[in-house]
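Structural characterization, general
Below, each chain spelled out in residue letters.
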Amino acid sequence: MRRAGVHAVLIAYSLLAVAPILLVVMNSFKARNAIFGSPLALPGPDSFSLIGYSKVFRSAHVFTWFANSLIVTLGAMVLTLLFGAMAAWALTEYRLRWTHALALYLSIGIMVPIRLGSIAILTMMRAAGLNDTLTALILVYIAQGLPMAIFILSEFIQQIPQDLRDAARCDGVPEIRIFFEVVAPLLRPALATVAVFTIVPIWNDLWFPLILTSSESTHTITLGVQQFLGQYITDWNSVLAALSMAILPVVAIYVIFSRQLISGLTAGAVK
Amino acid sequence: MATLSIRGLTKSYGDARILKGLDLDINDGEFLVLVGPSGCGKSTLLRMIAGLDSVTKGDIRIGERRVNDLEPAARRIAMVFQSYALYPHMNVAKNMTFGLKFSGMAKPEIDRRVSEAARMLRLESLLDRRPRDLSGGQRQRVAIGRAIVREPDVFLFDEPLSNLDAALRVSTRVEIAKLHRLLKATMIYVTHDQTEAMTLADRIVVMNQGEIAQVGRPLDLYYAPANLFVASFIGSPAMNLFDIAPAPGAKFGGPSVEPFGLDPAPAGAAFKIGVRPEHLRLDAAGDFRVAATVELVERLGEISYAHARTKDGKAVVAELRGRDVPEIGDAVSFGAEARDLHIFDADGLRIDAAHVKPPG
C-alpha cells in the first residue's frame, strides 16, 4: 500500500515533468493551424507536417548555433572536469596551510548564484576583449560548474583507499601520474555524474549567451531559437522544431552516462 | 640488501607522542617482525621507514644513507599492504610493471623481472587478469610480486595476511618464509598475530605504547621475557601471573601460593611470579605451588586447558597432557619447577638472578 502511494506520487511527478517536453515534441510535427486548433492532440494524418523542421534546416544559422552550443558545452565540461578533479585531489590529498580556507572559499561558489555577478562579468569580459566570443561563455561556465564539481569529486576521492596512493608512492610513481593514472580512472563514475550536472545547465542556459554574445555567429541554440519569436508574429513551427532538436543532445548524454551515473550517485550513499 | 639503523626515532601529532625515541638495528638479510597490540605504533614505525609518514625527530638509515628526507621510491624499499592495494583498473602484469615504468628501466629488464617474479609466485597464468577476478590469496601474491620486481633493499610488510582466511594464512605464511630464504633480503614485517611473529621472525620487536618493550629471537622472548608486558603478550594462553609478598620465616608467598624461599631475595617487598600454562602440573609437586578451583576444562585432544580460579579470585590456566584431567569444581594444587618461573620486580622488570627454593 505504501509502495503504491510512493509510486503514485512518482508517476504524477514524472508526468508533470515530461508533459511540457512531450507537448513541444508533439506539436513540432504539426501544421501551424493544428498547433493552435488542438494543441493537446497527437499529430494525425491531416495535421502532420514537417514544415517547422524544413524551415529550421533552411535557416543558415541553426547549424552555427548548434555548433556553438556544442563547443561551449563540451569545452566547459572538459575543463570543469579536469580542473575540478585536480583541485579536489589537491584539496583532499595535500594538507597545506591554506587548504581549509580555500575549500571554504570554493564552497561559497555553491551557495551564491553566479548570475549575481552578471554585471561584473560583463565588464570584465569587455575589459579583456572577450566580449561576444565563445571563450567568454566557456570561462563563465567553468566558474559556474567548478565549485560543485570540486565538492562532489572531493567526496569520491576520499573514498579511494589511502593504501592505493601509498602503494603508488612506494612504486615511485610521480604525483601527477598518480593523479592521472591511478586516481582519475577510479573516479570515472563520479566524473560521469559531474559531467551530467555540468552539461545540462550549460546547454539550457539562456542568460549568459543573452548578455555576453551579440552577433548571430556566436549565439547558442537556446538563444538562437529566440530569433523565431517575434513581437507580432512568432514562427511556432520553427521554434518547436528547433527546441525539439535541442533536447536530443541532452537526452543522448543522459543515455550514455546513465549507467555510470547510477553507480556514481549511489556509491556515496550506500557505503 | 642492506642494514637498517634507527636512532632516537620520534613521531608526534601535536601533543600526542606516537613513537617515543626508538633505537633499533636491523641486520642485512634479517627477517624482523614488529609485533604489539593495536595502537602501539608498529604500523607508524613501518610507514616512517617507508617514507609515507614524516619523521618528527631522529634518524633512519638504510645502508649508509640517511633516508629521512627521501621520497619512498628513492629509499629502495617496497611495501606490501594489508589491503593488497592493487591498482584495480590494471591487469596483473601492469600492476607489477607500473612502478618500473617511471624508473627508466629498459623493457627487456622489466620483462625479465616480471617473468621471474611470476614464476616464483606461480602467477604466470594470471598475468592478464584484473585484481577483481582474483582470489584473496592470489591478490596477495600479486602484491608481493609487485614488491619483488622492484628488487628493493628492504621489504616492508604491513599485516599482509590479516585479510586472508585461516587456511590461506598458514600457506601464505609458509610462502613468505620460503621467499625470504630465496631472496635473502632484509624484511620488516608488522603483525598483531604472535603465531606469525614467532614462526617467521629471525628477531621479534615487541612494541608497547610507542616504545620497544623487548627485541630478541622468538624463543628468547618466550623463555626469557624482559618485562611483564612481553611476558603476558607472547604466548597463548597468556602466562599466569601471581602477586607475591613476604611471608613469615624469610619466605615469600601469596594468598593461594604456598610459601617458598628465594635466594637472593629480591629487593622491594612486592613482586610478581609468572608461570606459563604448559609448565603447571597437577601433581602438586614442584618448587612452586598454587591452590585453585577448576571452573572449566577445554579438551582439545592431545592437550586440555584447565581454567581455574584461586580463592583470591585470580584466573589460572594450566595446559595438561593426556587423559588425566580434573573435573569442574575440583580443588586442585598446581605445581611448577623453579627453572620455569619468571620473576618480575615491582616495576615489572625481569629478575634473573633469583633462585627459587622449594617450600618445606
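Since the model is a prediction, treat every value here as computed from it, not as a measurement.

Some details on the overall build of chain B
Along the backbone of chain B there are eight helices and 21 strands. Reported as C-alpha extents along the three principal axes, the dimensions of chain B are approximately 80 × 45 × 35 Å. Of the contacts made within chain B by residues no fewer than 6 positions apart, 66% connect residues no fewer than 24 positions apart.

Details of the overall build of chain A
In terms of helices and strands, chain A carries 13 helices and zero strands. When the helices and strands of chain A are read in sequence order from the N terminus, they spell out α-α-α-α-α-α-α-α-α-α-α-α-α. The principal-axis extents of the C-alpha atoms in chain A amount to approximately 70 × 60 × 30 Å. For chain A, buried positions account for 34% of its 271 residues.

Some words on the interface of chain B and chain A
The extent of an interface is frequently quoted as the accessible surface area lost upon association of the parts. Taken together, the contacts link 17 residues of chain B with 15 residues of chain A. No other element matches strand 6 (residues 77–80) of chain B, which puts three residues into the side of chain B that touches chain A. Grouping the amino acids of the side of chain B that touches chain A by side-chain chemistry returns 13 nonpolar, four polar and no charged.

Details of the sheet that holds strand 10 (residues 211–216) of chain B
Residue and element names in this part refer to chain B. One open sheet holds the six strands; their spatial order is 6-7-8-3-9-10, and the pairing between them is mixed. Each edge of the sheet is formed by a strand with only one pairing partner; in this case those strands are strand 6 and strand 10. On average, each strand axis in the sheet is tilted by 20 degrees relative to the strand beside it, whichever way the strands run. Taken together, the five bridges between strand 7 (residues 154–158) and strand 8 (residues 186–191) define a ladder with parallel strand orientation. From the neighbouring strand, phenylalanine 155 faces strand 8, where its bridge partner is methionine 187. Where helix 4 (residues 136–148) meets the sheet, its contacts fall on strand 6 and strand 7, and the angle it forms with strand 6 comes to roughly 175 degrees.

Overview of the environment of A:Ile121
Note that A:Ile121 resides in helix 6 (residues 118–127). Along the chain, A:Ile121 and A:Leu212 lie 91 residues apart, while their C-alpha atoms are 8.9 Å from each other.

A few points about the domain arrangement of chain B
Structurally, chain B comprises domain 1 (4–226) and domain 2 (237–357). Computed from C-alpha atoms alone, the centre-to-centre distance between domain 1 of chain B and domain 2 of chain B is 39 Å.

Considerations on the packing of helix 5 (residues 99–111) of chain A against helix 7 (residues 134–159) of chain A
Residues and elements named next belong to chain A. Direction vectors running N to C along helix 5 and helix 7 enclose 120 degrees, while the axes themselves pass 8 Å from each other. In terms of orientation, helix 5 and helix 7 fall into the oblique class. Taken as a pair, helix 5 and helix 7 cross one another with a handedness that is left-handed. Seen from helix 5, the contacting residues are Leu106, Ser107, Gly109 and Ile110; seen from helix 7, they are Leu146, Pro147, Met148, Ile150 and Phe151. Tallied by class, residues from the contact of helix 5 with helix 7 come to seven nonpolar, two polar and no charged.

With respect to the domain arrangement of chain A
All names here are of chain A. On domain assignment, one finds that chain A holds domain 1 (1–49) and domain 2 (60–270). With seven residues of domain 1 at the contact, the number on the domain 2 side is seven residues. Counting only elements with at least two residues in the side of domain 1 that touches domain 2, the list comes to helix 1 (2–28) and helix 2 (32–37). Here the element with the most residues in the side of domain 1 that touches domain 2 is helix 1; it accounts for five residues. For the side of domain 1 that touches domain 2, a count of residues per class yields four nonpolar, two polar and one charged.

What about helix 5 (residues 166–183) of chain B?
For helix 5 of chain B, built from 18 residues, the straight-helix expectation of 26 Å at 1.5 Å per residue is met to within 8% by its first-to-last C-alpha distance of 26 Å. Two residues or fewer after helix 5 of chain B comes B:Lys184, characterised by a positive phi angle close to 50 degrees.

Thoughts on the packing of helix 7 of chain A against helix 10 (residues 188–204) of chain A
All names here are of chain A. Here helix 7 crosses helix 10 at 160 degrees, and the two axes come no closer than 10 Å. Comparing the axis directions of helix 7 and helix 10 gives the class roughly antiparallel. Between helix 7 and helix 10 the crossing geometry is right-handed. Within the contact between the two elements, helix 7 uses Tyr141, Gly145, Met148, Ala149, Ile152, Leu153 and Phe156 and helix 10 uses Ala190, Thr193, Val194, Phe197, Thr198 and Ile202. Along the lines of polarity and charge, the residues of the contact of helix 7 with helix 10 split into 10 nonpolar, three polar and no charged.

Examining the nonpolar core
Ranked by internal contacts, the top residues of the largest apolar core, which has 148 residues, are A:Leu153, B:Met79, B:Leu156, B:Ile188 and B:Val206. Sorting elements by how many residues they give to this core places helix 7 of chain A first, with 15 residues. The residues touching A:Leu153, leaving out its near neighbours within four places in the chain, are A:Gly84, A:Ala85, A:Ala88, A:Leu187, A:Ala190 and A:Val194.

Considerations on the sheet that holds strand 4 (residues 57–62) of chain B
Residue and element names in this part refer to chain B. Judged by pairing direction, the sheet is antiparallel, and its four strands sit side by side in the order 2-1-4-5 without closing on themselves. Two strands lie at the open edges of the sheet, namely strand 2 (16–26) and strand 5 (65–66), each paired on one side alone. Of the strands in this sheet, strand 1 (4–13), strand 2 and strand 4 touch helix 1 (residues 42–50), which is tilted by about 65 degrees from strand 2.

Section: the confidence of the model for chain A
In this model, chain A carries a mean pLDDT of 87, and residues with pLDDT of at least 70 account for 96%. Here helix 13 (residues 236–270) of chain A stands out as the least confident element of chain A, with mean pLDDT 75; helix 6 of chain A is the most confident, with 93.

Focus: the pairing of strand 1 of chain B
All names here are of chain B. Pairing of strand 1 with strand 2, which is carried by eight bridges, proceeds in the antiparallel orientation. Within strand 2, the position partnered with serine 12 by the bridge is arginine 17. Once strand 1 ends, the chain turns through two residues before running back antiparallel as strand 2, passing glycine 14 with a positive phi of about 60 degrees. As paired elements, strand 1 and strand 4 share five bridges and run antiparallel to each other. Within the sheet, the bridge partner assigned to isoleucine 6 lies in strand 4 and is isoleucine 60.

Looking at unusual backbone geometry
All names here are of chain B. For the peptide bond that leads from serine 236 to proline 237, omega is 0 degrees, which places it in the cis range. Structurally, the position occupied by proline 237 is in the loop between helix 8 (228–233) and strand 11 (240–247). Of note, the phi angle at tyrosine 84 is positive, near 70 degrees, even though the residue is not glycine. Accessibility expressed as a C-beta count within 10 Å gives 25 for tyrosine 84, which makes it buried. Even without glycine at this site, glutamine 209 takes up a positive phi of about 50 degrees. When you line up the elements, glutamine 209 lands in the loop between strand 9 (203–208) and strand 10.

Quick notes on the environment of B:Leu19
Residue and element names in this part refer to chain B. With respect to the helices and strands, leucine 19 occurs in strand 2. Its 27 C-beta neighbours within 10 Å are what place leucine 19 among the buried residues. Once you skip the residues sitting within four places of it in the chain, leucine 19 turns out to touch Leu9, Thr10, Lys11, Gly41, Thr44, Leu45 and Gly210.

Criteria and cut-off values
Residues numbered from 1 in each chain as written. Chains lettered and ligands numbered in written order. Predicted model: local features only at pLDDT ≥ 70, side-chain atom pairs only at ≥ 80, totals over all residues. Helix = DSSP H or I, 4+ residues; strand = E, 2+ residues; numbered from the N terminus. Contact = placed C-beta atoms within 7 Å. Buried ≥ 20, exposed ≤ 12 C-beta atoms within 10 Å, placed from the backbone. Nonpolar A, V, L, I, M, F, W, Y, C, P; charged D, E, K, R; others polar. Pairing = 2+ DSSP bridges. Axes fitted to C-alpha atoms, helices over the stretch in contact; angles between N-to-C directions. Domains from an automatic or database assignment. Parallel < 35°, antiparallel > 145°, perpendicular 65-115°, else oblique. Left-handed = near helix turned anticlockwise from the far one by under 90°. Expected span 1.5 Å × (residues − 1). Core = buried A, V, L, I, M, F, W, Y, C linked by C-beta atoms within 7 Å. pLDDT = per-residue confidence, 0-100.

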